[in-house]
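Notes for the structure review
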Amino acid sequence: MIPIAEARRFVLSSCRALTPSRMAVGDASGHVLAEPVRATEPVPPFTNSAMDGYAVRAADTVAPPTRLRVVDSLMAGDDAQIFVSAGESVRIMTGAPLPPGADAVCMVELTRVEEGGSIVVVQESVNAGTHVRNAGDDIEAGDEVFGPGTDLGPAHMGVLASLGVDSLLVRPRPVVGVLSTGDELTTSTGPLAPAKIRDANRPALLSRLGADGFGTVDLGTVGDDETALAALLEEAATRCDALVASGGVSVGDRDVVKTVLQKLGGTMTRSMQIAIKPAKPFAFSVLETTGTPVFGLPGNPVSALVSYELLVRPALRAMAGCTVLDRARLAAVADVDLPRSRDGKLHLVRVTARTVEDGVLRVRSSGGQGSHMLRAMADSNALALLPDGDGVHAGERVEVLLLDADRVPASPWEPW
Ligand code: AMP
Ligand code: MG
């Protein structure tokens with residue numbers, strides 16, 4: 001058995017970031033930048049009001065209440081034309097340009113109007129700059145706003161739009177082909193023939209990949225047949241950036257994925273026994289013909305998804321150009337005992353993580369922990385990492401890999 005860190009290093013050393021290409025900004029969300037983005041204009045582009053109220057000269061307001069003549073009215077989108085002289089003000093809405101001569105804004109709540117709105121009485125003094133947003137407050141022209149390696153999320157997309165960026169050099173998201181192997185598999189939803197099971201791994205992996213922002217190609221299922229498997233992999237490699245197969249990497253008589261990868265990948269192939277539970281067997285190869293990485297995951301459904309988390313996802317993220325490869329690893333507290341036996345492996349226990357009133361993440365087993373018991377994985381939102389030993393007692397600290405932050409119920413909660 002080899003440590004997970006060694007398996008991961010081997011995989012990552014064989015997966016290169018994909019070649020970047022120029023993309024319309026509207027298509028770039030979720031992609032990783034391959035060039036710096038520089039601002040060619042400031043944000044905000046002009047000095048403007050942060051409040052609905054009156055643009056004034058601060059010096060006029062030193063002895064409130066102050067009566068000022070209202071000489072203009074500016075909505076967001078109106079161009080400021082009129083100069084504000086001593087004793088004058090301009091009614092102004094949030095986002096409208098500060099008129100020349102004015103240097104502060106009195107919020108409307110601290111004013112009252114007289115004489116049908118031609119006079120405003122300012123009830124408190126303001127300093128120069130009060131409620132004013134200066135041009136370039138957020139970003140100055142010439143700033144490097146984002147560097148290469150930035151994973152473009154929603155706020156990045158807003159910033160790019162604010163700057164008028166129209167195209168970017170980004171890395172493509174890998175397109176991943178997924179197949180299941182095994183003579184026992186059926187994709188039918190009709191009655192099961194004797195000794196057959198339904199293919200759970202391909203739908204689970206396709207869903208996981210999609211949720212993680214990768215492109216997917218459904219390559220279907222293939223029996224334990226070396227020729228058919230080799231043909232499928234070679235064809236799929238011409239249209240996918242990476243391939244993920246499940247089943248057939250263990251030490252059984254029909255574990256053909258291992259054998260086929262050896263043939264197609266030669267010295268770039270490695271079959272491993274990793275010191276983790278679940279997901280001990282794993283094979284990885286880079287195809288000689290196309291240079292496509294192929295991940296051979298174990299067939300047991302929980303093992304396939306755990307193997308994906310630890311080995312496939314980080315590699316695909318590296319190919320996408322991401323700098324953060326792994327999910328958040330957090331300190332939690334065991335809410336119940338999480339026992340285990342000594343076997344030299346790191347155990348990854350499917351758990352439900354919650355926060356109660358104190359905000360501390362607390363975890364419980366989410367159900368049956370057999371590697372064929374996918375239901376407990378569906379009910380979980382994290383994997384508890386139990387190092388070799390006797391496990392963790394209730395109240396003790398345990399590290400978790402947070403798989404699904406959207407499914408961590410937040411405070412306030414009923415305690416369990
Ligand atoms: P293998 O890794 O091929 O030896 O398979 C290990 C176990 O996982 C066996 O019980 C298989 O029947 C089961 N298995 C393999 N592939 C799948 C799949 N796609 N969906 C559900 N179970 C599977
Ligand atoms: Mg099999």
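Whatever comes next refers back to the structure up there.
Quick look at the structure, then. (Residues numbered from 1 in each chain as written. Chains lettered and ligands numbered in written order. Predicted model: local features only at pLDDT ≥ 70, side-chain atom pairs only at ≥ 80, totals over all residues. Heavy atoms only, no water.)

**Points about the overall build of the protein chain**
Short version of the rule: Every helix listed is a DSSP run of H or I at least four residues long, and every strand listed is a run of E at least two residues long, numbered separately from the N terminus. Note on method: radius of gyration uses C-alpha positions; expected globular size equals 2.2 Å times residues raised to 0.38. Burial here depends on accessible area, computed with a 1.4 Å probe over protein chains only, as a share of the maximum for the residue type. Under 20% is buried, over 50% is exposed, and the range in between is partly exposed. Here the Shrake-Rupley method, with its probe set to 1.4 Å, supplies the accessible areas, and only the displayed protein chains count as covering residues. Charged residues are defined here as Lys and Arg on the positive side and Asp and Glu on the negative side; His and the ends of the chain fall outside this count. Charged side chains are reduced to one point each, which is NZ for Lys, CZ for Arg, CG for Asp and CD for Glu.
Of regular secondary structure, the protein chain possesses seven helices and 29 strands. Taking 416 residues into account, the globule formula puts the C-alpha radius of gyration at 22 Å, and the protein chain, at 30 Å, lies well above it. Counting the 416 residues in the protein chain, one finds 47% classified as buried. Carbon and sulfur atoms make up 52% of the accessible area of the protein chain, which amounts to about 19,000 Å² in all. Distance between charge centres in the protein chain, computed from 38 positive and 51 negative side chains, equals 8 Å.

**So, the site of ligand 1**
Under the convention used in this document: Here, proximity means that at least one heavy atom of the residue falls within 4 Å of the molecule or strand. Contacts described as polar in this section are N or O atom pairs within 3.5 Å, which, within protein, must combine one atom able to donate a hydrogen with one able to accept it, while residues neighboring in sequence count only if both atoms come from side chains.
The full set close to ligand 1 counts 15 residues, and Glu184, Asp199, Ala200, Gly248 and Gly299 are the nearest of them. Contact between ligand 1 and Asp199: a nitrogen atom at 2.7 Å from a side-chain N or O atom of the residue. Out of a free accessible area of 480 Å², ligand 1 has 75% covered by protein chains. Mapped by element, the contributors of at least two residues to the shell around ligand 1 are β14 (175-181) and β16 (197-198).

**Quick word on the sheet that holds strand β2 (residues 32-33)**
Stated precisely, the cut-off is as follows: At least two DSSP bridges between two strands are needed for those strands to be called paired.
Read from one edge of the open sheet, three strands run β1-β13-β2, paired in antiparallel fashion. Each edge of the open sheet is held by one strand with a lone partner, namely β1 (21-24) and β2. As paired strands, β1 and strand β13 (residues 167-171) are joined by four bridges and run antiparallel to one another. Across the sheet, Ser21 pairs through a bridge with Val170, a residue of β13.

**Considerations on the sheet that holds strand β7 (residues 88-92)**
Strands in a sheet are paired, the pairing made by backbone hydrogen bonds, and the direction either parallel or antiparallel. Worth spelling out the cut-off: In this analysis, axes come from line fits to C-alpha atoms, helices being fitted only over the stretch in contact, and the angle between any two N-to-C directions falls in the range 0 to 180 degrees.
One open sheet holds the six strands; their spatial order is β8-β5-β7-β6-β10-β9, and the pairing between them is mixed. Looking along the sheet, the strands with just one partner apiece sit at the ends: β8 (104-107) and β9 (111-114). Direction aside, the axes of adjacent strands within the sheet are offset by 40° on average. Here β9 runs beside strand β10 (residues 119-122); their pairing, made up of four bridges, is antiparallel. The residue of β10 that forms the bridge with Val113 is Val120.

**Concerning helix α5 (residues 256-265)**
Rule in force here: Note that the arc is computed from the directions linking the helix axis to the C-beta atoms. We call two residues contacting when some pair of their heavy atoms lies within 4.5 Å.
Of all the residues in α5, the buried ones are Val256, Val257, Val260, Leu261, Leu264 and Gly265. Projection of α5 onto a plane perpendicular to its axis shows the buried side chains occupying an angular sector of 135°, all on one side. Buried residues along α5 sit against β14, α4 (226-237), β21 (281-286) and β22 (293-297).

**Things to note about the pattern of salt bridges**
What counts is decided by this rule: Each salt bridge in this description consists of a side-chain nitrogen of Lys or Arg and a carboxyl oxygen of Asp or Glu lying within 4 Å of one another.
Inspection of the entire model under this criterion finds 24 salt bridges. Across the pair Arg254 and Asp183 runs a salt bridge whose closest N-O atoms are separated by 2.7 Å. Taken together, the residues span a long stretch of sequence, with Arg254 in the loop between β18 (242-246) and α5 and Asp183 in the loop between β14 and β15 (185-186) at a distance of 71 residues. One salt bridge connects Asp390 with Arg342, and the closest N-O pair in it is separated by 3.4 Å. Taken as a pair, Asp390 in the loop between β27 (382-386) and β28 (391-392) and Arg342 in the loop between β24 (338-339) and β25 (346-355) lie far apart in primary sequence, 48 residues in all. The class of Asp390 is exposed, set by a relative accessible area of 55%. Among the residues examined, Arg342 registers a relative accessible area of 59% and is labelled exposed. One continuous salt-bridge network, built from bridges that share partners, spans Arg208, Asp212, Glu309, Arg313 and Arg327.

**Some details on the packing of aromatic side chains**
Aromatic ring pairs are described here by two measures, namely the spacing of the ring centres and the angle between the planes. Condition: Pairing of aromatic rings covers Phe, Tyr and Trp, the last counted by its six-membered ring, and requires centre-to-centre distances within 6.5 Å; plane angles under 30 degrees mean stacked, over 60 mean edge-to-face, and any other angle means tilted. Only Lys NZ and Arg CZ are tested; either one counts as a charge over a ring when it is within 6 Å of the ring centre and within 35 degrees of the ring normal.
The final tally for this structure, using the stated rule, is two aromatic pairs. Relative to Phe284, the ring of Phe10 lies with its centre 5.9 Å away and its plane at 90°, an arrangement referred to as edge-to-face. Here Phe10, found in helix α1 (residues 4-13), pairs with Phe284, found in strand β21; they are 274 residues apart in sequence, far enough to count as distant. According to the relative accessible area criterion, Phe284 is buried, its value standing at 0%. Three or more aromatic residues joined by ring pairs make a cluster, and in this case those are Phe10, Phe284 and Phe295. Here the basic side chain of Arg270 rests over the ring of Phe10, its NZ or CZ set 5.1 Å away from the ring centre.

**So, the state of the cysteines**
Between two cysteines, a covalent bond joining their sulfur atoms is known as a disulfide. Operational definition: Sulfur atoms of two cysteines make up a disulfide when they are within 2.5 Å.
Summed over all chains, the structure comprises zero disulfides. Take Cys240: it sits in no disulfide, and the sulfur closest to it among the cysteines is that of Cys15, at 14 Å. The class for Cys240 is buried, based on a relative accessible area of 6%. Cys322 forms no disulfide, and the closest cysteine sulfur to it belongs to Cys15, at a distance of 13 Å.

**Overview of the packing of helix α3 (residues 201-211) against helix α6 (residues 301-319)**
Put simply, the test is: Should the near helix be turned anticlockwise from the far one by less than a right angle, the crossing is termed left-handed; should it be turned clockwise, right-handed. Residue classes follow a fixed rule: Ala, Val, Leu, Ile, Met, Phe, Trp, Tyr, Cys and Pro count as nonpolar, while Asp, Glu, Lys and Arg count as charged, and any other residue, Gly among them, counts as polar.
Orientation of α3 relative to α6, taken along the N-to-C sense of each, is 35°, at an axis distance of 11 Å. For the pair α3 and α6, the sense of crossing is right-handed. Judged by residue contacts, Asn201, Ala204, Leu205, Arg208 and Leu209 of α3 engage Pro301, Ala304, Leu305, Tyr308, Glu309 and Leu316 from α6. In terms of residue class, the contact of α3 with α6 is made up of eight nonpolar, one polar and two charged.

**Topic: the environment of Gly153**
Residue position: Gly153 is located in the loop between β12 (144-146) and α2 (154-162). Sequence separation of Gly153 and Thr292 is 139 residues, and the distance between their C-alpha atoms is 28 Å.

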